[in-house]
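# Observations on chain architecture
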Amino acid sequence: MNLSLEELKKYLRIDGSEDDDILTLLIDGAREYLKNAGVPESESKLYKLAVMLYVSLHYENRDPSVKIDKLNFAFESIVLQLKEYGGDAS
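Residues numbered from 1 in each chain as written. Predicted model: local features only at pLDDT ≥ 70, side-chain atom pairs only at ≥ 80, totals over all residues. Heavy atoms only, no water.

### As for helix α3 (residues 45-60)
Applied cut-off: Each helix is a run of H or I in the DSSP string that is no shorter than four residues. Each strand is a run of E no shorter than two, and both are numbered from the N terminus. Expected span of a helix, by definition, is 1.5 Å for each gap between consecutive residues, and there is one gap fewer than residues. Buried means the residue's accessible area, taken with a 1.4 Å probe over protein chains only, is under 20% of the maximum for its type, while exposed means over 50%, and partly exposed covers the values in between.
Under the 1.5 Å per step criterion, the end-to-end length of α3 is 22 Å for 16 residues, consistent within 8% with the ideal 22 Å. All of the buried residues along α3 are Leu46, Tyr47, Ala50, Val51, Met52, Leu53, Tyr54, Val55, Ser56, Leu57 and Tyr59.

Structure (structure tokens):
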């Protein structure tokens, strides 16, 4: 999957570079999460969106006490589609 840090920062509306390390960690975590969920890495736009949603979910909601059902539902829906189509649901 080809997702640049700059592309992700644009999606998240982040201008500075002070969080680049945590964003990179979250991208890697998203890929690992998807792999463990049975979704192979792909060039699918849906896969890229899943990574971006995962990062957004964990970057913008770092307080573990906050419940975020809507984004969780959107993310889980995409993961299910990717699993069904073998990561190639472009």
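### Side note on the packing of helix α1 (residues 5-12) against α3
The cut-off we apply is this: All axes here are fitted lines through C-alpha atoms, helices being fitted over the stretch that makes contact, and every angle between N-to-C directions spans 0 to 180 degrees. Put simply, angles under 35 degrees are roughly parallel, angles over 145 are roughly antiparallel, angles from 65 to 115 are roughly perpendicular, and the rest are oblique. Handedness of a crossing follows from how the near helix is turned relative to the far one, being left-handed for an anticlockwise turn of less than a right angle and right-handed for a clockwise one. The contact definition used throughout considers only heavy atoms, calling two residues in contact when any of these lie within 4.5 Å. Polar here means any residue other than Ala, Val, Leu, Ile, Met, Phe, Trp, Tyr, Cys and Pro, which are nonpolar, and Asp, Glu, Lys and Arg, which are charged; Gly is therefore polar.
Interaxial distance between α1 and α3 falls to 11 Å at its minimum, and their mutual angle equals 60 degrees. With respect to α3, the axis of α1 lies oblique. Our pair here, α1 against α3, has a crossing hand that is right-handed. Contacts between α1 and α3 involve Glu7, Leu8, Tyr11 and Leu12 on the former and, on the latter, Lys48, Leu49, Met52, Leu53, Val55, Ser56, Tyr59 and Glu60. By residue class, the composition of the contact of α1 with α3 is eight nonpolar, one polar and three charged.

### Things to note about unusual backbone geometry
Positive phi, normally seen in glycine, also occurs at Arg13, with a value near 60 degrees. The topology assignment puts Arg13 in the loop between α1 and α2 (20-36). On the basis of relative accessible area, Arg13 is assigned to the exposed category, the value being 75%.

### Some remarks on the packing of aromatic side chains
To be explicit about the condition: For Phe, Tyr and Trp, where Trp contributes only its six-membered ring, two rings pair if their centres lie within 6.5 Å, and the inter-plane angle classes them as stacked under 30 degrees, edge-to-face over 60, or tilted in between. Definition used: whenever NZ (Lys) or CZ (Arg) falls within 6 Å of the ring centre and also within 35 degrees of the ring normal, the charge is taken to sit over that ring.
Here the structure, examined in full by the defined rule, presents three aromatic pairs. An angle of 45 degrees between the planes, with centres 5.5 Å apart, marks the rings of Tyr33 and Phe75 as tilted. A residue pair is termed long-range when its members are at least 10 positions apart, and Tyr33 in helix α2 and Phe75 in helix α4 (residues 69-84) qualify at 42 residues. Consider the rings of Tyr54 and Phe75, whose centres lie 5.9 Å apart with planes at 50 degrees: the pair is tilted. Of this pair, Tyr54 sits in helix α3 while Phe75 sits in helix α4; the two residues are 21 residues apart in sequence, bridging distant segments of the chain. Here Tyr54 and Phe75 have matching classes, each one buried. The side chain of Arg62 reaches across the aromatic face of Tyr59, ending 4.3 Å from its centre.

Everything listed here is a matter of coordinates, which is why it stays silent on function.
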